[in-house]
Amino acid sequence: MDFYLTALLQGLCFSGIALGIYISMKIFNIPDITTDGSYTLGAVVTAVLLTHHQPTYIILPVVIIAGGIAGAITGIIHTKLKINALLAGILVMTALYSVNLRLMGRSNLPLINVPSLFTLINISADANHNSFWILLCFVALITLIIGYLLKTDFGLAMRATGNSESMIRSLGVNTDRMKITGLALANALTALSGYLISQLQGYTDISMGIGIVIIGLGSVIIAETMINWLRITSVWLSLVLVLTGAIIFQFVLAITLDIGVDPIFLKVVTAVFVLLIVSLPRINFRTAK
């Protein structure tokens, strides 16, 4: 039971990545690879500040700002220098590897016996249950904020930028600024996942972000499949399904390990699973034709 509870906790931690990928890919149609670097950046900033005995209420905004800056740089490179969005993300992600390594001073930073978000608040005597309730409240708060933002006039302008850039530009909206803001927001959310996972697992590693974008992408694809099947148009329900997708993704990996698959092949299973959820709807569609 604890094995699947751990998967649930990780799914909640990765909700930030899922929401970030949802904003960059589904709202702005931008494949943002900065995710790999900004996720690690959030974890690195958290670990460094925790080891320097900084309080959580200071660490959280610093992580958000750091992730936002990383995303904004990608947005500026893409919009102002007219560099392909994918290449812009790769450039920033590559640069962030050195930045993260410089901030930590080494490749791995343990957080054993260091006060964290999960020891600061005591809701339950059981450590896992306590982490669950903290994460649930944290993720619910983030979802409410993002949902409210997307329903505002500013959020509608963001969504319109992704749907019809030329139309919204003709209405006087600065689409470059919208893209920069959107990528900053997406990577701030991604950095929040790094903030949570580093405290949950008790360490930060320089390579922890490698391939992490596939988790967010898989979560969003699962959500998109459910949205299409259920024909959902509500922003709130879409965000909830994105969070559900992140949890489902982790449960699939947990089941894979539980049935005895060698952990060495976990990345292969991840890739195959994402391939399946991408291809199955298309295969069914073609069959129906």
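For the structure, check the block above.
So, here is what we can say about the structure in this document. (Residues numbered from 1 in each chain as written. Predicted model: local features only at pLDDT ≥ 70, side-chain atom pairs only at ≥ 80, totals over all residues. Heavy atoms only, no water.)

1. Here's the deal with the overall build of the chain
Here is the rule: A run of H or I in DSSP counts as a helix once it spans at least four residues, and a run of E counts as a strand once it spans at least two, with each numbered from the N terminus. Just to be clear, the radius of gyration here is over C-alpha atoms, and the globule rule we use is 2.2 Å times residues to the power 0.38. Note on classification: 1.4 Å probe, protein chains only; a residue is buried when its accessible area is under 20% of the maximum for its type, exposed when over 50%, partly exposed between these limits. Residues count as neighbours in contact if any of their non-hydrogen atoms are within 4.5 Å of one another. Accessibility throughout is a Shrake-Rupley quantity obtained with a 1.4 Å probe, and a residue counts as covered only by protein chains that appear here. Positive: Lys, Arg. Negative: Asp, Glu. His and the chain ends are not part of the count. To locate a charge, take NZ of a lysine, CZ of an arginine, CG of an aspartate or CD of a glutamate.
Looking only at helices and strands, one finds 13 helices and two strands in the chain. A compact globule built from 289 residues would reach a C-alpha radius of gyration of about 19 Å, and the chain, at 19 Å, matches this within 12%. Counting across all 289 residues of the chain, residues that qualify as buried make up 51%. Across the chain, the fraction of contacts at a sequence separation of at least 24, relative to all contacts at a separation of at least 6, is 80%. Carbon and sulfur atoms provide 68% of the accessible area of the chain, an area that totals close to 14300 Å². Treating the 15 positive side-chain charges of the chain as one cloud and the 11 negative ones as another, the clouds have centres 13 Å apart.

2. Side note on the pattern of salt bridges
To be explicit about the condition: Salt bridges are identified by distance alone: a Lys or Arg side-chain nitrogen within 4 Å of an Asp or Glu carboxyl oxygen.
Counted according to the given criterion, the structure contains two salt bridges. Between Lys-26 and Glu-224 there is a salt bridge; the shortest N-O distance is 2.8 Å. Of this pair, Lys-26 sits in helix α2 (residues 15-27) while Glu-224 sits in helix α11 (residues 213-230), and the two are 198 residues apart along the sequence. A residue is classified by how much of its surface remains accessible, and Lys-26, at 34% relative accessible area, is partly exposed. For Glu-224, a relative accessible area of 30% translates into the label partly exposed. The residue Lys-80 makes a salt bridge to Asp-176 at a minimum N-O spacing of 3.8 Å. Placement of Lys-80 in helix α4 (residues 56-80) and of Asp-176 in helix α10 (residues 175-201) is noted, with a sequence separation of 96 residues between them.

3. Brief notes about a nonpolar patch on the surface
Which entries qualify depends on this criterion: Each patch groups residues whose relative accessible area exceeds 30% and which form no salt bridge, using 9 Å between like charges and 5 Å between nonpolar side chains of Val, Leu, Ile, Met, Phe, Trp and Tyr.
A surface patch of nonpolar side chains, about 470 Å² in accessible area, is lined by Leu-120, Ile-121, Ile-123, Trp-133 and Leu-136. Residue position: Leu-136 is located in helix α7 (residues 127-151). The class of Leu-136 is partly exposed, set by a relative accessible area of 34%.

4. Observations regarding helix α3 (residues 35-51)
For clarity, the threshold we go by: Given the number of residues in a helix, its expected span is that number minus one, multiplied by 1.5 Å.
Here α3 contains 17 residues, and its C-alpha end-to-end distance of 24 Å stays within 8% of the 24 Å for a straight helix at 1.5 Å per residue. Downstream of α3 by one or two residues, His-53 has phi in the positive range, about 60°.

5. Overview of the nonpolar core
Across soluble globular proteins, nonpolar side chains have a tendency to be buried as a group. Note the cut-off: To qualify as a nonpolar core, a set must consist of buried Ala, Val, Leu, Ile, Met, Phe, Trp, Tyr and Cys residues joined through side-chain atoms within 4.5 Å.
With 85 residues, the main nonpolar core has Ile-23, Ile-146 and Leu-189 as its most contacted residues. The element that contributes the greatest number of residues to this core is α10, accounting for 10 residues. Ignoring sequence-local partners within four residues, the contact set of Ile-146 consists of Ile-23, Leu-185, Leu-189 and Leu-239.

6. Digging into the side chain of Asp-205
Operational definition: In protein, a polar contact requires one atom able to donate a hydrogen and another able to accept it; more generally it is a pair of N or O atoms within 3.5 Å, and residues adjacent in sequence count only if both atoms are side-chain atoms.
If you trace the backbone, Asp-205 turns up in strand β2 (residues 203-205). Within the local environment of Asp-205, its side chain forms a polar contact with the side chain of Asn-108, the two groups lying 3.1 Å apart. Sequence-distant contacts of Asp-205, defined by excluding residues within four places in its chain, comprise Thr-40, Met-104, Ser-107 and Asn-108.

7. Description of unusual backbone geometry
You will see that His-53, though not glycine, has its phi angle at about 60°, which is positive. Within the secondary structure, His-53 sits in the loop between α3 and α4. The class for His-53 is exposed, based on a relative accessible area of 69%. A positive phi angle, near 60°, is found at Lys-82, a position not held by glycine. Within the fold, Lys-82 resides in the loop between α4 and α5 (85-104).

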